[in-house]
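Reading the structure
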Amino acid sequence: MRQNPSFTLADIAEMRRVIEQNPWATIVSATDEGQVASHYVLMLDEDRDDLTIVAHVGRPDDLIHGLGERELLAVFQGPHGYVSPGWYGTDVKAVPTWNYTAVHLSGVPEILSAEENLRVLDRLVERFEGRMPDPRLMWERPNDEAFVQRLAAGTVGFRLTPTRVVAKRKLSQNKDAATVENIIAELQGDGVYASPALAAEMRRAQEARPGRSL
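In this report, the structure presented in the accompanying data block is examined. In this text, all values refer to a predicted model and were calculated from it rather than measured experimentally. (Residues numbered from 1 in each chain as written. Predicted model: local features only at pLDDT ≥ 70, side-chain atom pairs only at ≥ 80, totals over all residues. Heavy atoms only, no water.)

Another point: the pairing of strand β2 (residues 34-41). Pairing geometry for strand β1 (residues 24-31) and β2, over eight bridges, is antiparallel. Across the sheet, Trp24 pairs through a bridge with Val41, a residue of β2. (Pairing = 2+ DSSP bridges. Helix = DSSP H or I, 4+ residues; strand = E, 2+ residues; numbered from the N terminus.)

Here you go:
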């Protein structure tokens, strides 16, 4: 991802927020046969306060990615959407663009032990299933230990402490305040490109600009 000083996201707390709110990510590896990409839920390591993430892949994706042997790129994508040149004003020369937030983490992952992997799987189920009105957690009946252990054996857990981080939020920060407000209003409306989530992300970026606080 090409970086631009105007759109650089360097705040670790903000990067953690993007990861936490957008856990469905893409992992990419370069192999002897070419690049390979997979899609998995990745979570922040609850025992760390940095950008370390934990996850699992299903076998044989661990071999396909060379997990633990090669650099892995994890791509998190936040709210994104189309911005029409018509939102800049009728007398302004402009072309369409796409606003977005993204965080890229790279490094060689550490393979988790079977016990650690089981804890990560348990936490993963609890995080999402726990929101259901009648949650079916991993260790609850009709599941039994043999069933859970068999499923876990088909996965490989990993922890990635990134050695390279590239994060970007391209949210019209290079536009004047009035134009940004108009774009936010359009995104909050009921038009074909409405996106309340992107509007909220733009508002957050505006409030984080120098001289303002979140």
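A separate point is the side chain of Thr52. For Thr52, the position within the fold is in the loop between β3 (43-44) and β4 (53-58). Here Thr52 falls in the buried class, since its relative accessible area comes to 0%. Here Asp50 takes part through its side chain, which lies 2.9 Å from a polar atom of the side chain of Thr52. At a separation of 3.2 Å, a polar atom in the side chain of Thr52 contacts the side chain of Thr161. Residues contacting Thr52, with those up to four places away along its chain left out, are Met43, Leu44, Asp45, Arg159, Leu160, Thr161 and Pro162. (Buried < 20%, exposed > 50% of the residue type's maximum accessible area, 1.4 Å probe, protein only. Polar contact = N/O pair within 3.5 Å; in protein donor to acceptor, adjacent residues only side chain to side chain. Contact = heavy atoms within 4.5 Å.)

Turning to the sheet that holds β3, a few remarks are in order. Across the sheet, four strands lie side by side as β3-β4-β8-β7; this open sheet has antiparallel pairing. Only two strands of the sheet have a single neighbouring strand rather than two, namely β3 and β7 (110-111). Bridging between β3 and β4 involves two bridges; their strand directions are antiparallel. Directly across from Leu44, in β4, lies its bridge partner Ile53.

With that out of the way, let us pick up the packing of helix α3 (residues 114-129) against helix α4 (residues 145-153). Each pair of packed helices can be described by the angle between their axes along with the distance between the axes. Two numbers describe how α3 lies on α4: the axes approach to 10 Å, and their chain directions differ by 105 degrees. One element, α3, and the other, α4, form an angle in the roughly perpendicular class. Between α3, through Asn117, Leu118 and Leu121, and α4, the contact on the second element is made entirely by Val148, Gln149 and Ala152. (Axes fitted to C-alpha atoms, helices over the stretch in contact; angles between N-to-C directions. Parallel < 35°, antiparallel > 145°, perpendicular 65-115°, else oblique.)

For the rest of this paragraph, the subject is the packing of aromatic side chains. Applying the stated criterion across every chain yields a total of two aromatic pairs. Their ring planes at 70 degrees and their centres at 6.2 Å tell us that Tyr82 and Trp98 sit as a pair that is edge-to-face. Residue Tyr82 is found in strand β5 (residues 72-83), and its partner Trp98 is found in strand β6 (residues 97-107); the two are separated by 16 residues along the sequence. The structure contains a cluster of three or more aromatic residues connected by ring pairs, namely Tyr82, Trp98 and Tyr193. The ring of Tyr88 has Lys175 sitting right over it, with the charged end atom 4.7 Å from the ring centre. (Phe/Tyr/Trp six-rings, centres within 6.5 Å; stacked < 30°, edge-to-face > 60°. Lys NZ or Arg CZ within 6 Å of the ring centre and 35° of its normal.)

On to the pairing of strand β8 (residues 155-160). The buried count for β8 comes to six of six residues, which makes it a mostly enclosed element. Residues of β8 alternate between two faces, with Thr155, Gly157 and Arg159 on one and Val156, Phe158 and Leu160 on the opposite face, all of them buried. Of the pairings in the sheet, the one linking β7 to β8 comprises two bridges and is antiparallel in character. By the bridge assignment, Ile111 is partnered in β8 with Phe158.

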